[in-house]
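# Remarks on the overall topology
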Amino acid sequence: MHKGKVAIVTGASQGIGAETAKELAAQGASVMLIARNIKNCQKLVSEIQDSGGVASAIKCNIADLSQVQYAVSETVKIFGGINILINNAGVIEPIAFIKDSNPRSWADSISINLIGSYFMLQSVLPTFKDNSVVINVSSGAAHSPQDGWSAYCAGKAGLAMLTQSFAKEISSDLIRIYGYAPGTVDTDMQTKIRTSGVNPISKIKKEDHWGVKTPAKVMSWLCSEAAYDLAGQELSINDKALRIRAGLSK
Ligand code: NAP
């Protein structure tokens, strides 16, 4: 499905990003894995290569513009260009009511979830060929506030607006952008949320979350031409028609 394409996946050291990197590689893309935990990324690169895929990894904190620019230029050097950006890296912290929150941690959250994603988008644009794709990993939290998640909700709401702003500026014939809310997915992020007990999301049982393969498959499908008509939209796992079109069994 993605033969000849080059994809960058941020937050690829674990969770949704790691599985999405594996899925894109399995579908033929050359994949650059980006995160701060380079050891985990390198382990995944070996796994992908052992299964016949093409991948590489760069250590990068997406909140740091110079690290982002370096990661993008290295990707171009290694793979010759970029066609797909999966803006997946994100943090749930700080989990705190506003009155108790640490201002520095609050700002750090926005620096990663919103500003880091903007840094990635802005930096890859000059490298993009026609017919490229960006997926900003969104959340239900972008559209409905949750107790104790003011930083996360504000960051994801800003990211959803970044998606829509970009869609307005650029023709989807050139670059397709999607927001994709994966629903609650069984990752370390949900373990942290469960441990906090702060709001109704934290009460959802581990076994009731989606597995990581679900968002990986949907995002890989969104990168294909078949999803052309959905460009520019904020999409959600809750949309059954989307699940069917992406080939999920339920
Ligand atoms: P996760 O297991 O905690 O993984 C988060 C990833 O983001 C890690 O690979 C982490 O890598 C990376 N990351 C965090 N800060 C970074 C930074 N400054 N620079 C580079 N990478 C950074 O979480 P997940 O559940 O897979 O979440 C992935 C995305 O899905 C996030 O955007 C999250 O908001 C969104 N999402 C998740 C759920 C859910 O239920 N799990 C629901 C809705 C939306 P390093 O620590 O190695 O840097």
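Below: a short report on this structure. (Residues numbered from 1 in each chain as written. Predicted model: local features only at pLDDT ≥ 70, side-chain atom pairs only at ≥ 80, totals over all residues. Heavy atoms only, no water.)

### A short note on the side chain of Gln 190
Here Gln 190 is to be found in helix H6 (residues 188-196). You can call Gln 190 buried: its relative accessible area is 9%. Not counting residues up to four positions away in its chain, the partners in contact with Gln 190 are Thr 184, Val 185, Ile 201 and His 209. (Helix = DSSP H or I, 4+ residues; strand = E, 2+ residues; numbered from the N terminus. Buried < 20%, exposed > 50% of the residue type's maximum accessible area, 1.4 Å probe, protein only. Contact = heavy atoms within 4.5 Å.)

### Observations concerning the layout of surface pockets
Rolled over the atoms, a probe sized like a water molecule indicates the empty space that remains. Considered as a void within the structure, the largest pocket measures approximately 1000 Å³ in volume. If you go around the largest pocket, you meet 50 residues; those closest to its centre are Asn 88, Gly 90, Val 91, Tyr 152 and Met 189. Going through the elements one at a time, helix H1 (15-26), strand E2 (30-35), helix H5 (150-169), H6 and strand E7 (234-236) are the ones with two or more residues in the lining of the largest pocket. The element best represented in the lining of the largest pocket is H6, accounting for five residues. (1 Å grid on protein atoms, 1.4 Å probe; cavity = no way out; pocket = protein on both sides within 12 Å on 5 of 7 lines; lining within 4 Å. Points joined across faces, edges and corners; volume = space filled by probe spheres on them.)

### As for the site of the ligand
Neighbouring the ligand are 30 residues; Arg 36, Asn 88, Tyr 152, Val 185 and Thr 187 lie closest to it. One nitrogen or oxygen atom from the side chain of Asn 61 is found 2.7 Å from a nitrogen atom belonging to the ligand. Within the side chain of Lys 156, an N or O atom sits 2.9 Å from an oxygen atom of the ligand. For the ligand, the accessible surface in isolation is 880 Å², of which the surrounding protein chains cover 94%. Placement of the ligand is best described as lying within the largest pocket. The set of elements that each furnish at least two residues to the shell around the ligand consists of H1, H5 and H6. Considering each element in turn, the shell around the ligand owes the most residues, three residues, to H6. (Near = heavy atom within 4 Å. Polar contact = N/O pair within 3.5 Å; in protein donor to acceptor, adjacent residues only side chain to side chain. Areas by Shrake-Rupley, 256 points an atom, 1.4 Å probe, with all protein chains shown as cover. Sits in = over half its atoms within 2 Å of the grid points.)

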